[in-house]
Amino acid sequence: MTVTIVGAQLGDEGKGALVDRWGGPPDVVVRFQGGDNAGHTVVNDGQEYKLSLVPSGAVRGKTGVLGNGCVVNPRTLFSEVDGLRDRGLNPNVRVARRAHVIMPYHRVLDSAEEGEKEDDDLEAGTTGRGIGPTYEDKAGRRGVRVGDLLNPDVLRNRLEYVLPRTRLLAEEVYGLDLDGAETPDLPVDLADAFDLDWLHTKFAEYGRRLRGEEMTIDCGSYLVERYAAGDRILFEGAQGTSLDIDHGGYPYVTSSNPTAGGAAVGSGVGPGVVGQGEVVGIVKAYLSKVGTGPMPTEIDGSLADEVRERGGEFGTVTGRPRRIGWLDLPMLRHASRASGFTGVAVNHLDVLAGLDELRVAEAYKIDGERFAVPPATAEQWAACEPVYREFTPWPEFDGRATASEGIEALPAAARDYLDYLSETVDAPVYAVGVGPDRAETIEVANPWSDG
Ligand code: GDP
Ligand code: IMO
Ligand code: MG
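Calculation notes
- Residues numbered from 1 in each chain as written.
- Chains lettered and ligands numbered in written order.
- Predicted model: local features only at pLDDT ≥ 70, side-chain atom pairs only at ≥ 80, totals over all residues.
- Heavy atoms only, no water.
- Helix = DSSP H or I, 4+ residues; strand = E, 2+ residues; numbered from the N terminus.
- Buried < 20%, exposed > 50% of the residue type's maximum accessible area, 1.4 Å probe, protein only.
- Donors = N, O, S within 2.8 Å, 3.2 Å for Na, K, Ca; no water.
- Contact = heavy atoms within 4.5 Å.
- Domains from an automatic or database assignment.
- Buried area = accessible area lost by both parts, 1.4 Å probe.
- Salt bridge = Lys/Arg side-chain N within 4 Å of Asp/Glu carboxyl O.
- Polar contact = N/O pair within 3.5 Å; in protein donor to acceptor, adjacent residues only side chain to side chain.
- Nonpolar A, V, L, I, M, F, W, Y, C, P; charged D, E, K, R; others polar.

Digging into unusual backbone geometry
Note on backbone geometry: most residues besides glycine have negative phi, and most peptide bonds are trans.
Thought 1: Each neighbour pair has its own omega, and for Y250 with P251 the value is 5°, a cis peptide bond.
Thought 2: Among the structural elements, P251 can be located in the loop between β10 (233-236) and α10 (261-265).
Thought 3: Of note in the backbone geometry, D12 takes a positive phi value of approximately 60° without being a glycine.
Thought 4: Mapping D12 onto the fold places it in the loop between β1 (2-7) and α1 (15-21).
Thought 5: One non-glycine residue, Q239, adopts positive backbone phi at about 55°.
Thought 6: Mapping Q239 onto the fold places it in the loop between β10 and α10.
Thought 7: Here Q239 falls in the buried class, since its relative accessible area comes to 8%.

Below, the structure is given as structure tokens:
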């Protein structure tokens, strides 16, 4: 059986917490898209783990797989693996040989292009991790893959092709002085980031470590074999539906498919394997957003500050304060359809307790016309006026006690809110987050219970 966990909104919905909560039964936890732009938090017994690349299942000692749909920065990979070892864990991480490698020059190009786009208000506010440029090289059939790191001759050949054009792009299009003293926020010298010999030596070294620790796999074959042997697989989505390159608010998106279809393409199992399992949308009870782009229910002022502070809404990766908004049901209808949610988990219900007012957007309007889902263009989406429905805010409650007593112990107003949400997305509520700790989740149904 499989369970696929995907973000229903704009990322940071608390996916890591649910991957951990439901991380007991599965044998394998698979990331299928994105890279170290993600920041997934697991809190258990007061111990906090923040993971960008290594699947959150590593905290429970599960095999963690980075699928072919991921983009992998080996530096991040090894620093997270080493960091977990330092904390006494023994992460077992496997990496698809078909996954693409984030090279230092991708990070340089990421910030250079964001800078260029600023004048036209087209920048996505990326995490600066080189995600977009790496996927561009993948689609352009000029990328370096994890499998290439294992063979120094092949690696050299790939770099010899890609580097001259990449240098040209950096120097002639973005006007960077690669040999100059000015370096952007990068863990390597700018000159090294574009230097054939430096890159070859460094990345062949990563290849030796990957080989030495037997970390690389043919992901599809590996997973299908484990599935056939009866192993349970948990697919851990990163980002969220409205950041999906196809289904999100393009161009203010990431460069991969965080929706459930990505779990098949990005791991090499058939869509039926994913479709026969559970697909759980992770929903934050309000909205938060790190980057730019339309957000019709955005709020500011003291109310937004209160939610931001109580919810700790500062980026896991970048530390940036997150934008805050009311729950947006058009966004959720769209997410539920795009991924086919069989259930949802609603997090951060505790953060809304005790507020003076509480609203959700049940639809949008543009010039009097009603929209039940976001329009397909960012310009139209930005023009949407939310149609709000008011809810009675619920009083503060004890998260840990409520989690052990069950959903009936929640204040009635909170249950009304959840019922309305569940009806709208046409999927049952499997879990409710009332705090960050593993023990602060109210479990209504366990998606593994059928398998
Ligand atoms: P992810 O990217 O979807 O895994 O989410 P992040 O880890 O980036 O952000 C979610 C943050 O909220 C983390 O700090 C979590 O520990 C925390 N969190 C998760 N669920 C809840 C919840 O139900 N209530 C509260 N207050 N915090 C939560
Ligand atoms: P998790 O998995 C929230 C946003 C960035 C930017 C856009 C593109 O923790 O939910 P990128 O670096 O991917 O090219 O940036 O996507 N973004 C996220 N926002 N959570 C994330 O991951 C994100 N990953 C990328 O802020 O707007
Ligand atoms: Mg996050």
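A look at the coordination of the magnesium ion (ligand 3)
Thought 1: Within the protein, D12 (OD) and G39 (O) serve as the donor atoms for the magnesium ion (ligand 3), at 2.0 to 2.2 Å. One end of the pair, D12, is in the loop between β1 and α1; the other, G39, is in the loop between β2 (28-31) and β3 (40-44), with 27 residues separating them in the sequence.
Thought 2: Residue classification places G39 among the buried positions, given a relative accessible area of 12%.

A short note on the side chain of R438
Thought 1: Tracing the backbone shows R438 in the loop between β20 (429-433) and β21 (441-443).
Thought 2: Assessed through its relative accessible area of 18%, R438 is described here as buried.
Thought 3: Those residues in contact with R438 that lie beyond four places of it in its chain are D20, R21, V43, N44 and R60.

With respect to the domain arrangement of the protein
Thought 1: Under the domain assignment, the protein is made up of domain 1 (2-95 + 218-443) and domain 2 (100-212).
Thought 2: If you average the C-alpha positions of domain 1 and of domain 2, the two centres end up 29 Å apart.
Thought 3: Taken together, the contact pairs 30 residues of domain 1 with 24 residues of domain 2.
Thought 4: Here domain 1 meets domain 2 over a buried area of about 2200 Å², counting both sides, of which 58% is carbon and sulfur.
Thought 5: A salt bridge links R209 to D82; its shortest N-O distance comes to 2.8 Å.
Thought 6: The tally of links from domain 1 across to domain 2 stands at 10 residue pairs in polar contact (both at pLDDT 80 or more).
Thought 7: For the side of domain 1 that touches domain 2, the secondary-structure elements that each account for two or more residues are β6 (71-72) and α2 (74-86).
Thought 8: For the side of domain 1 that touches domain 2, the element with the highest residue contribution is α2, accounting for 7 residues.
Thought 9: Considering only residue class, the side of domain 1 that touches domain 2 consists of 12 nonpolar, 13 polar and 5 charged.

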